[in-house]
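Letter by letter, the chains look like this.
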Amino acid sequence: MHSVNPKKITSLEPSSNDTTSPLDLYALSPETIGIMSYNELIGLVRETNRPPGGSNAIMEIAHQCFLNPSKTVLEIGTSTGITAIELAQLTGCKVVGIDINENSLAEAQERANRKKVGHLCTFQKDDATALSFPDESFDVVFCGNVTSLVSNRDKALAEYARVLKPGGLLAAIPMYYIKEPSDQLVDDVRKAIRVNITPQYRQDWEVFFKISPFVTLSQSNFCFDELPAATVDAFCKTILERPHLQSLPVHSREALNKIYTQYMQLFRINLAHMGFSTLILRKESADIDAELFTSTKI
Ligand SMILES: C[S@@+](CC[C@H](N)C(=O)[O-])C[C@H]1O[C@@H](n2cnc3c(N)ncnc32)[C@H](O)[C@@H]1O
């Protein structure tokens, strides 16, 4: 298995690039690239970073949240914006996408403009744990798997509840292990994403989201497909041939090819151990009894 540059990465905190202005490609040294987290690399290579479940999950959530042009959605950790853009294209809803990474946000806005939904999508820098929006601003909050990257998850969840209108919906797609990972694998993922994760299992997320004012309306469970290493290599090659990356100095390009491919091969192995759930929760008023006689699809 590939091991992720253990010598160079000394801290699990986001590196300074996570919050700086858009990157100057000509000035990127191999050393700077070598210490970038995967989330920073997404903005640099302009990857179409999807939530777990990809287009199917986005489609399912658009349906299950009854999105239409009258609805306003907040997407947490939008990265390069694909979910926000798809939701706007599919349903005509308005979407605000937030992230802490400005490079990804710049790419998101350009994509939305190219896809002719720039007027429906707004992207801005904001933190899931301290949202800058007034109470009860949104019909839907979409948080993909982003909550797992946030150190103070309880605070993030409280923020999602605060900015949702009464009766508003929270769509979450938490990822979890369905096969126990080795300590080495978890440690390599920590270094790649610069987050001090502890392995989460399905029940951990069910307990986390089962908290007032949220009530679970629906849940579907999935596992990731296993992929051959060659498929991942071919995907990386295509991404790294993008015209804008050709202006990188040659050694920086080599460093980028190495680390991006290394991370994607690591995720291939990690995701073969993982599943995810699409969850729709409602911000419920206190005057409704808990659902007692629950059921399971057979
Ligand atoms: C893997 S990416 C995108 C995931 C994808 N949009 C999804 O729905 O699962 C995770 C993103 O979350 C962002 N992020 C991490 N911590 C955050 C925080 N506290 N507030 C907002 N965004 C955050 C990262 O910068 C990154 O762009």
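Conventions and cut-offs
- Residues numbered from 1 in each chain as written.
- Predicted model: local features only at pLDDT ≥ 70, side-chain atom pairs only at ≥ 80, totals over all residues.
- Helix = DSSP H or I, 4+ residues; strand = E, 2+ residues; numbered from the N terminus.
- Rg over C-alpha atoms; globule rule 2.2 N^0.38 Å.
- Buried ≥ 20, exposed ≤ 12 C-beta atoms within 10 Å, placed from the backbone.
- Contact = placed C-beta atoms within 7 Å.
- Expected span 1.5 Å × (residues − 1).
- Pairing = 2+ DSSP bridges.
- Right-handed = clockwise from strand over helix to strand, strands pointing away.
- Core = buried A, V, L, I, M, F, W, Y, C linked by C-beta atoms within 7 Å.
- Near = placed C-beta within 6 Å.
- Nonpolar A, V, L, I, M, F, W, Y, C, P; charged D, E, K, R; others polar.
- Axes fitted to C-alpha atoms, helices over the stretch in contact; angles between N-to-C directions.
- Left-handed = near helix turned anticlockwise from the far one by under 90°.
- pLDDT = per-residue confidence, 0-100.

J.: Describe in detail the overall build of the protein chain, supporting the description with residues and values.
T.: Helices and strands together make up the secondary structure of the protein chain, namely 10 helices and 8 strands. A compact globule built from 298 residues should have a C-alpha radius of gyration of about 19 Å, and the protein chain, at 19 Å, falls within 12% of that. When the backbone C-alpha atoms are referred to their principal axes, the protein chain occupies close to 60 × 45 × 30 Å. Looking at the protein chain residue by residue over its 298 residues, the buried ones come to 39%. Restricting to contacts in the protein chain with at least 6 residues of sequence separation, those with at least 24 account for 80%.

J.: Could you give an account of helix α10 (residues 250-271), with specific residues and numbers?
T.: Because the α-helix completes a turn every 3.6 residues, residues three or four places apart line up on one side. End to end, α10 covers 31 Å across 22 residues, agreeing with the expected 32 Å (1.5 Å per residue, within 8%). Packed against the buried residues of α10 are α1 (30-34), α2 (38-45), α7 (183-193) and α9 (229-240).

J.: Describe the pairing of strand β5 (residues 164-172), naming the residues involved and giving the relevant values.
T.: Along any regular strand, the residues point their side chains to alternate faces of the sheet. Sheet topology note: the strand β4 (residues 138-142)/β5 ladder contains 4 bridges and is parallel. Bridge pairing in β5 places F138 opposite L164. Tracing the backbone out of β4, into helix α6 (residues 153-163) and back to the parallel element β5 gives a crossover that is right-handed. Of the pairings in the sheet, the one linking β5 to strand β8 (residues 274-283) comprises 4 bridges and is antiparallel in character. Within β8, the position partnered with L170 by the bridge is L281.

J.: Which residues make up unusual backbone geometry, and what values do they have?
T.: S212 connects to P213 through a cis peptide bond whose omega is 10°. The residue P213 is located in the loop between α8 (202-209) and β7 (214-223) in this model. Of note in the backbone geometry, F66 takes a positive phi value of approximately 50° without being a glycine. Following the sequence through the fold, F66 ends up in the loop between α3 (54-64) and β1 (72-76). The exposure class of F66 is partly exposed, given the 13 C-beta atoms found within 10 Å. For R194, which is not glycine, the phi torsion reads 60° and is therefore positive. For R194, the location among the structural elements is in the loop between α7 and α8.

J.: Tell me what's going on with the nonpolar core, and back it up with residues and numbers.
T.: Core analysis: the biggest nonpolar cluster contains 54 residues, and V141 and L170 have the highest contact counts within it. When neighbours within four sequence positions are excluded, L170 is seen to be in contact with V141, C143, Y160, L164, F214, L281 and K283. Core analysis: the second largest hydrophobic core is formed by 18 residues, M36, L44, I259 and L266 among them.

J.: Residues and numbers for the site of the ligand, please.
T.: Neighbouring the ligand are 21 residues, the closest being P51, G77, S79, A128 and G144. Of the residues belonging to the shell around the ligand, the class tally is 8 nonpolar, 11 polar and 2 charged.

J.: Describe the packing of α9 against α10, and please don't skip the residues or the numbers.
T.: Relative to each other, α9 and α10 sit at 145°, their axes nearing to 10 Å. For the pair α9 and α10, the crossing hand works out as right-handed. Contact residues: A229, V232, D233, F235, C236 and L240 in α9; L256, N257, Y260, T261, M264, Q265 and R268 in α10. In terms of residue class, the contact of α9 with α10 is built from 8 nonpolar, 3 polar and 2 charged.

J.: Any details on the pairing of β4? Residues and values, ideally.
T.: Counting buried residues along β4, 5 of its 5 residues qualify, which places the element largely inside the surrounding structure. Taken together, the 3 bridges between β1 and β4 define a ladder with parallel strand orientation. Following the sheet pairing, E75 is matched in β4 by F142.

J.: I'd like to hear about the environment of T78, residue by residue, with values.
T.: Structurally, T78 can be placed in the loop between β1 and α4 (82-91). The spacing of T78 and F142 is 64 residues in sequence and 9.2 Å in space, taken between C-alpha atoms. Beyond its immediate sequence surroundings of up to four residues, T78 is in contact with T83, A84, G97, I98, D99, A108 and F123.

J.: Lay out the confidence of the model for the protein chain in plain terms, naming residues and giving numbers.
T.: Averaged over the protein chain, the pLDDT score is 91; the fraction of residues at 70 or greater is 92%. Note that residues 1-21 has pLDDT below 50 and, in this model, 39 contacts with residues that lie over four places away or in other chains.

J.: Provide a residue-level description of the environment of A112, including the pertinent values.
T.: Considering the arrangement of structural elements, one finds A112 in helix α5 (residues 102-114). Separated by 116 residues in sequence, A112 and P228 have C-alpha atoms that sit 32 Å apart. The contact partners of A112, leaving out residues within four places of it in the chain, are G81, I85, V117, G118 and C121.

J.: A description of the environment of K125 should follow, citing residues and the corresponding values.
T.: Turning to its location among the elements, K125 is positioned in strand β3 (residues 121-125). For K125, a count of 13 C-beta atoms within 10 Å gives the class partly exposed. Considering only alpha carbons, one finds K125 and N101, 24 residues apart in sequence, at a separation of 7.1 Å. Sequence-distant contacts of K125, defined by excluding residues within four places in its chain, comprise D99, I100, E102 and L105.

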